[in-house]
Amino acid sequence: MWVNYRIKYVKQYFHIPILVIGIILTAVWVMILYHETAASREERLHHLGELQLMKIEQCVNRYIHISEWMAEYVVKQGGGIDGFENWALPFFTMHRSLRSLQLAPDGVVSEVYPATINKEAFGNIKEGPYGRHADMARKKHQAIVEMIYPLRTGGKGMLFLYPVYTFSDHGGEHFWGYSIVTVDAKSFLEEANLSSLKTMGISYDLSWKGFEHKNGKELHGDESLPSSVVKLSKTIQGDTWTIRLGYVSDWENRGLILFALWGGLLSSFVVSFLVAKNRKLKHISRIDFLTGAFNRKGGDEAAAEYFRKYSVKKYMVIALDIDNFKFLNDVYGHEAGDGALKKLV
């Protein structure tokens, strides 16, 4: 009973078919908008992830190039390392992540710059924890990167280990030792401008998997990383770098969806209300208020519609009249006259 009353009440003010169609169209529009927005945000995260991995690759290559330049320095010096401090100084003015440059003839570190932090020296690199790294670098003739090892001055560091070869007058190759570059890991990530993701409302974690590592090492992890993320990996100098990105808040998406939802529902109700109001006004303009029968305008329209529908039929028109109706109004009043008209109809 209550439900029927509510339905009747709604029908009184709203055109139900228009309202239902509007709600369905709003739902379809919201679903399309949600998927389009989600796809756009995911594409943006994918693009940003690729950009960040490219920046990391540039930073890695930058410090590998320094280790290669150190090797060239040794070769030009004929295997000597005199004047290394003066040669190494400019690098520290250009790269704030650098912690030390080391030269290790036959694997034993004998020259460290800056000398004030020579406690960062690795000693005999072949006998320490990175002996296998040294062997692999020598076998492959390429740089080996290690992350993350503890810096003795505090924090975590990155190690770039590069094999150095000199050449005899006859063109023979001779293993000389290693050039070593150590970098502060935190400054390295800042140098790659990963912090810019925070300003865009994006959280991320970054991991690295290299030589002698079955599982990746996490270099940075945000606690606010959402469950829905975009994951990208890139191989850089034989190591795998993986970044996962996600929006800290989905308010941008939710706000747009809510705006479309409320806008669609409001439009549906307004349009259905106006249609119902227009139909009611049209009905009133065709119907006599007292009797509920057609007035002249309504009668003409109804007759025209009938003639159009039954054009081949014959017609019969019945006209009614009330005699002495004025006498009825004068003697018994207009209410009685109105009642007689309604009774007749």
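In this text the structure is predicted, and so the values were computed from the model without any measurement.

Chemist: An account of the overall build of the protein is requested, with residue identities and associated values reported.
Modeler: Within the protein one finds 10 helices and nine strands. A compact globule built from 345 residues should have a C-alpha radius of gyration of about 20 Å, whereas the protein, at 43 Å, is more than 25% larger. When the backbone C-alpha atoms are referred to their principal axes, the protein occupies close to 140 × 45 × 35 Å. Residues counted as buried form 35% of the 345 residues belonging to the protein. Put simply, of all contacts in the protein between residues at least 6 apart along the chain, 58% involve residues at least 24 apart. Carbon and sulfur atoms make up 57% of the accessible area of the protein, which totals about 21700 Å².

Chemist: For the pattern of salt bridges, give the residues involved together with the corresponding values.
Modeler: As enumerated under the stated definition, the model contains eight salt bridges in all. The partner of Lys234 in a salt bridge is Glu57, with the nearest N and O atoms 3.6 Å apart. Taken together, the positions of Lys234 in strand S8 (residues 230-236) and Glu57 in helix H2 (residues 16-76) put the pair 177 residues apart, joining distant regions of the chain. According to the relative accessible area criterion, Glu57 is partly exposed, its value standing at 24%.

Chemist: Give a detailed account of a nonpolar patch on the surface, specifying residues and quantitative values.
Modeler: Taken together, the side chains of Val20, Ile24, Val28, Trp29 and Ile32 make up a nonpolar region of the molecular surface, amounting to roughly 460 Å² of accessible area. For Val28, the position within the fold is in helix H2.

Chemist: Please set out the nonpolar core residue by residue, giving values where relevant.
Modeler: The biggest cluster of nonpolar side chains holds 49 residues, and the ones touching the most others in it are Ile56, Phe188 and Trp241. Among the elements that take part in this core, H2 stands out by supplying 13 residues, more than any other. Beyond its immediate sequence surroundings of up to four residues, Ile56 is in contact with Phe188, Ala192, Leu194, Leu206, Ile236 and Trp241. Counting residues in hydrophobic clusters, the runner-up holds 17 residues, among them Ala104, Val112, Ile144 and Leu151.

How each quantity is defined
Residues numbered from 1 in each chain as written. Predicted model: local features only at pLDDT ≥ 70, side-chain atom pairs only at ≥ 80, totals over all residues. Heavy atoms only, no water. Helix = DSSP H or I, 4+ residues; strand = E, 2+ residues; numbered from the N terminus. Rg over C-alpha atoms; globule rule 2.2 N^0.38 Å. Buried < 20%, exposed > 50% of the residue type's maximum accessible area, 1.4 Å probe, protein only. Contact = heavy atoms within 4.5 Å. Areas by Shrake-Rupley, 256 points an atom, 1.4 Å probe, with all protein chains shown as cover. Salt bridge = Lys/Arg side-chain N within 4 Å of Asp/Glu carboxyl O. Patch = residues over 30% accessible without salt bridge, like charges linked within 9 Å, V, L, I, M, F, W, Y side chains within 5 Å. Core = buried A, V, L, I, M, F, W, Y, C linked by side-chain atoms within 4.5 Å.

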